[in-house]
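One letter stands for each residue in the lines below.
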Amino acid sequence: MVRSRFDSRFSLIKNVGFLLILLCLPLICLGIRSFPNSEVSESEFNSFFGFSEAPDYRNGVDCSSTAEGQAVSSCDPSLIHVAMTLDSEYLRGSVAAVHSVLRHASCPEQVFFHFIATEFDPTSPRVLTQLIRSIFPSLNFKVYIFREDTVINLISSSIRIALENPLNYARNYLGDILDPCVNRVIYLDSDLVLVDDIQKLWNTPFSGSKVIGAPEYCHANFTKYFTDTFWSDPLLSRVFGSRNPCYFNTGVMVMDLEKWRKGNYRKKIENWMELQKKKRIYELGSLPPFLLVFGGNVEPIDHRWNQHGLGGDNVKGSCRALHPGPVSLLHWSGKGKPWVRLDENKPCTLDYLWKPYDLYKPYQQGKLKVQTQKQQLLGLSLSSGGRSTKLIELPGYFI
């Protein structure tokens, strides 16, 4: 009995002592992600993750250009703005998407990327920033931290867990996240590639009061995106009374952020999400609130700019063919992703159209070596023996 009390008190003293030691350490050292070697170069950093550096795409003679060595401001009116999410799970897809945009752009140096990352991603926003800079050394971009608690309490369960990721809802907040001077942006998902000049999509004219533009699919059964609870309630279903809504995919949108902010469309979307928490009015994730707010009031864009559904069925993940007509953008929305199927040697035919844009080349160094280096790179490091961890200096932008 006495021995038990002694052990208990000793354990308590030991734990309190350890806590005091931690509190005495410089707070900045807690949670810092550091390199195994503080002098790691960009090319070495890049190789740790198994990515190759992209070719250096430059403007043609007809493009406006910034003076050599001069930083590009996101407020430059000549820029094409593209917003994408950035996370460790879809990183390979995001890199391929960026590569495809640059490869086919007539003025690649005029494309400015706005990447939205979360603070608690397994790969920190700082490391993601460094990685993007190492893969695309001349890319104009910013990385913004999206606070998950902004939306986490508004998210309802969906038919697929992946659809509940808070980053899926980041597009709702672009008007708040991006610089106020950015009045138009193209939002792109991470599971697509462009095979055409993004300038053409950017130049989409908006008529009247339209806030977003996207390819519409009016042959789709619009009613299936909402539950019987929604359609049986005359007050709810009346939202479409004066509109002729069509399905559109939110993975490719041109957004007028000036009108978005003035109309407070973020709040309108949140209102529907709050109602969903009280009444189950839809089964999917972030799509239905967009349909509720914008269905029947979308600037129609040619279908060539979103050949979607290539990921297959949300449940079975089966292969799908292209829609009839020309193609400017291939989109692997759905359960299956091309990089996963290619790695498993179970690709769909169209997955081979994604492969030329893939910059992930781990087998050039040996898979085991890359994984070991990656673990070292992402390991949390605390100061010890009076030595403090060195902060990583990130090139490019970080908000």
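Notes on the structure in this doc start here. All figures in this text were calculated on a predicted structure; none of them were measured in a lab.

### What to know about the sheet that holds strand β1 (residues 80-85)
Right, so step 1: If you trace the seven strands from one edge of the open sheet to the other, you get β3-β2-β1-β4-β9-β6-β10, paired in mixed fashion. Edge positions in the sheet fall to β3 (140-146) and β10 (299-300), since each has one partner strand and no second.
Right, so step 2: Of the strand pairs in this sheet, strand β2 (residues 111-118) and β3 are connected by seven bridges, and their pairing is parallel. Residue pairing across strands places H114 opposite K142, the latter belonging to β3.
Right, so step 3: Contacts from helix α4 (residues 125-135) reach β2 and β3, with the element oriented near 165° to β3.

### Section: the packing of aromatic side chains
Right, so step 1: This structure, assessed with the given rule, holds 22 aromatic pairs.
Right, so step 2: For the pair W260 and Y265, a centre-to-centre distance of 6.0 Å together with 40° between the ring planes defines the contact as tilted.
Right, so step 3: Classification of Y265 by relative accessible area gives buried; the value is 16%.
Right, so step 4: Members of the aromatic cluster, each reached through a chain of ring pairs, are Y217, F222, Y225, F226, F230, W231, F240 and Y247.
Right, so step 5: Over the ring of W202 we find R184, and its NZ or CZ is 6.0 Å from the ring centre.
Right, so step 6: Across the ring face of F206, the terminal group of R184 is positioned such that the distance to the ring centre comes to 4.6 Å.

Reading guide: rules and limits
- Sequence positions are assigned chain by chain, starting from 1 and proceeding in written order.
- Reporting of local features is limited, given that this is a predicted model, to residues whose pLDDT is at least 70; pairs of side-chain atoms are given and counted only at 80 or more, and all residues count toward the totals for whole chains, interfaces and linings.
- Each side-chain value is derived from all of the structure's non-hydrogen atoms; neither hydrogens nor water enter the calculation.
- Strands pair, by our definition, only if DSSP identifies at least two bridges between them.
- The secondary structure listing takes helices from DSSP runs of H or I that are at least 4 residues long and strands from runs of E that are at least 2 residues long, numbered from the N terminus.
- In what follows, a contact means two residues having at least one pair of non-hydrogen atoms within 4.5 Å.
- Lines fitted to C-alpha atoms define the axes here, with helix axes fitted over just the stretch in contact, and angles between the N-to-C directions of these axes take values from 0 to 180 degrees.
- Stacked, edge-to-face and tilted labels apply to pairs of Phe, Tyr and Trp rings (six-membered ring for Trp) whose centres lie within 6.5 Å, assigned for plane angles under 30 degrees, over 60, and everything in between, in that order.
- Only protein chains enter the accessibility calculation, which uses a 1.4 Å probe. A residue is then buried if its area is under 20% of the maximum for its type, exposed if over 50%, and partly exposed in between.
- In this scheme, the term charge over a ring applies when either NZ of a lysine or CZ of an arginine sits within 6 Å of the ring centre and within 35 degrees of the ring normal.

Nothing here speaks to function; it is geometry throughout.
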